[in-house]
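Take a look at the letters that make up each chain.
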Amino acid sequence: MKKLINRPDTFLEESLRGFAAAHADLLELDPRMRFLRRRQLNPGKVALVSGGGAGHEPLHIGFVGRGMLDAACPGQIFTSPTPDQIVQAVRAVDTGGGALLVVKNYEGDVMNFDMAAEMGGDRIARVLVDDDVAVKPAAQGFGRRGVAGTVIVEKMLGAAAEEGCDLAALERLGAHLVPRIRSMGVALKPCTMPALGRPTFELGPDEMELGVGIHGEAGVRRAMLMSADAIAAELLDAILAELPLARRTPVLLLVNGFGGTPMIELYVMAHAARLGLEKRGIAIARNAVGSFASSLDMAGCSITLAALDDGMIRHWDAPVETVAFRWGR
């Protein structure tokens, strides 16, 4: 294992300190390193709080700022933050409007965020993201995993909160967004966790893994390596089987790198996905390409589609100022 690291037990702490120092204009780190919060809070605005295991950067800490999250709670590598972390983050950023928790659908995250909501009082609601079509709800007790679609949910809810929507309206918006967003990923190389020092699964030199999770989980099917066009077609077929779209339906296309894939390859995949959608008569109204929900050093990517309406387009286009997303005024 070759990594830029001192010791596995100080890895997260040192990373968070470096991140907070590099972006001190936007956010600040809780002295006990339980959460990161945006520097400028809006009195009375509903606070958006999310989090999850470290190793997925920029998710979630890179989306703290104006127009997205008010706080993010990082757990240890691929490990949920604790209920106490989440409660403290809510208390630090709730300025009177209550708090909305954006939760990826994993057992640990759901359990700890639910406990935090119970501990934190009545003015806390939850939106559960479950966009990964590789997991069939009937085959897994807690349903689909939450993956890169979480970024879209955080962006659109963040914009609505910035506009002044109350907690009930944001909860309804979350319920509207989640079923309209679906994702699937492919890995060319597994990730290596610093504490383990070995890959989370094995792949041959000419193999790829379809349907991987963002915690280094093996996928649902192993196949021989294909061209970018063929991989995009496989992922789009799986997504569209679960997200039926009429011709000319406007979509947001998000191509997400897993951390070990260079941008030049992600743009090839974005081009391949665009061609695949055009063949199906689906219109790309908005797109994003980059590593947004990574998996340490795993090579590969995921494709996410969001079926858009006018309100969703407006919320996506709304101004945002975070480490990972910055646009508008």
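Note that the structure is predicted; figures quoted are calculated from it, not measured.

> Explain the overall build of the protein here, please?
When you go through the protein residue by residue, the secondary structure sums to eight helices and 14 strands. Taking 2.2 N^0.38 as the reference for a compact globule, 329 residues should give roughly 20 Å; the C-alpha atoms of the protein span a radius of gyration of 19 Å, in line with that estimate. Counting every position in the protein, which comprises 329 residues, the buried fraction comes to 56%. Contacts in the protein between residues far apart in sequence, at least 24 positions, make up 72% of those at least 6 positions apart. When the accessible area of the protein is evaluated, it comes to approximately 13500 Å², of which 53% is carbon and sulfur surface. Charged side chains in the protein number 35 positive and 39 negative. The centres of these two groups are separated by 3 Å.

> Explain the side chain of R182 to me, please; I cannot follow it from the model alone.
Here R182 is to be found in strand β7 (residues 181-189). Although R182 is buried, it makes no salt bridge; D130 carries the closest opposite charge, 4.1 Å away. Only 3.3 Å separates the side chain of R182 from the backbone oxygen of V178, close enough to count as a polar contact.

> Please explain the sheet that holds strand β4 (residues 71-77) as it appears in this structure.
Each strand in a sheet pairs with another by means of backbone hydrogen bonds, the pair being arranged parallel or else antiparallel. With respect to topology, six strands assemble into an open sheet ordered β1-β2-β4-β3-β5-β6, the strand pairing being mixed. Edge strands, defined here as strands with exactly one partner in the open sheet, are β1 (27-29) and β6 (124-129). Here the strands of the sheet are splayed against their neighbours by 20° on average, with no regard to which way each runs. With three bridges connecting them, β1 and strand β2 (residues 36-38) associate as antiparallel partners. In the sheet register, L29 faces β2, and the bridge partner there is L36. Sheet strands in contact with helix α2 (residues 83-93) are β2, β3 (47-54), β4, β5 (99-104) and β6, and its direction is about 160° off that of β4. Relative to the sheet, helix α3 (residues 107-120) contacts β3, β5 and β6, its axis offset from that of β5 by approximately 165°.

> In this structure, what is going on with the sheet that holds β7? I would like to understand it.
Spatially, β9-β8-β7-β12-β10-β11 is the arrangement adopted by the six strands of the open sheet, whose pairing is mixed. Two strands lie at the open edges of the sheet, namely β9 (221-224) and β11 (283-290), each paired on one side alone. For this sheet the average axis-to-axis angle between neighbouring strands, irrespective of direction, equals 20°. Bridging between strand β10 (residues 250-257) and strand β12 (residues 299-307) involves seven bridges; their strand directions are antiparallel. Its bridge partner being in β12, L253 is matched across the sheet by L305. Of the strands in this sheet, β7, β10 and β12 touch helix α4 (residues 149-163), which is tilted by about 140° from β7. Sheet strands touched by helix α7 (residues 263-279): β10, β11 and β12. Its angle to β10, the strand with the most contacts, is close to 155°.

> I keep staring at a nonpolar patch on the surface and nothing clicks. Help me out?
On the surface, M111, M115 and M119 cluster together into a nonpolar patch covering about 290 Å² of accessible area. In this fold, M119 is placed in helix α3.

> For this particular structure, what's the right way to read the nonpolar core?
Taken as a class, soluble globular proteins show a tendency for nonpolar side chains to be buried jointly. Residues L100 and L157 are the most contacted members of the largest nonpolar core, which totals 64 residues. The dominant element in this core, judged by the number of residues it contributes, is α4, at seven residues. Setting aside residues no more than four positions away along its own chain, L100 makes contact with V46, A47, L48, V49, A125, R126, V127, L157, L167 and L170. Core analysis: the second largest hydrophobic core is formed by 29 residues, A223, I239, L253 and A273 among them.

> Looking at this structure, I do not really get the packing of aromatic side chains. What am I missing?
Aromatic ring pairs: the centre-centre distance and the angle between the two ring planes describe each pair. Enumeration according to the criterion identifies five aromatic pairs in this entry. Between W316 and F325, the aromatic rings sit 5.7 Å apart at their centres with planes inclined by 75°, giving edge-to-face as the arrangement. Neither W316 nor F325 differs from the other in exposure class; each is buried. With a centroid separation of 4.9 Å and 40° between ring planes, the pair formed by F325 and W327 is classed as tilted. Residue classification places F325 among the buried positions, given a relative accessible area of 3%.

> Would you mind showing me how to read the pairing of β7 here?
Looking along a regular strand, one sees the side chains alternate between the two faces of the sheet. Of all nine residues that make up β7, seven are buried, and the element is covered over most of its length. Inspection of the sheet shows β7 paired to β12 by eight bridges, in the antiparallel sense. The residue of β12 that forms the bridge with K189 is A299.

Criteria and cut-off values
- Residues numbered from 1 in each chain as written.
- Predicted model: local features only at pLDDT ≥ 70, side-chain atom pairs only at ≥ 80, totals over all residues.
- Heavy atoms only, no water.
- Helix = DSSP H or I, 4+ residues; strand = E, 2+ residues; numbered from the N terminus.
- Rg over C-alpha atoms; globule rule 2.2 N^0.38 Å.
- Buried < 20%, exposed > 50% of the residue type's maximum accessible area, 1.4 Å probe, protein only.
- Contact = heavy atoms within 4.5 Å.
- Areas by Shrake-Rupley, 256 points an atom, 1.4 Å probe, with all protein chains shown as cover.
- Lys, Arg positive; Asp, Glu negative; His and termini not counted.
- Charge placed at Lys NZ, Arg CZ, Asp CG, Glu CD.
- Salt bridge = Lys/Arg side-chain N within 4 Å of Asp/Glu carboxyl O.
- Polar contact = N/O pair within 3.5 Å; in protein donor to acceptor, adjacent residues only side chain to side chain.
- Pairing = 2+ DSSP bridges.
- Axes fitted to C-alpha atoms, helices over the stretch in contact; angles between N-to-C directions.
- Patch = residues over 30% accessible without salt bridge, like charges linked within 9 Å, V, L, I, M, F, W, Y side chains within 5 Å.
- Core = buried A, V, L, I, M, F, W, Y, C linked by side-chain atoms within 4.5 Å.
- Phe/Tyr/Trp six-rings, centres within 6.5 Å; stacked < 30°, edge-to-face > 60°.

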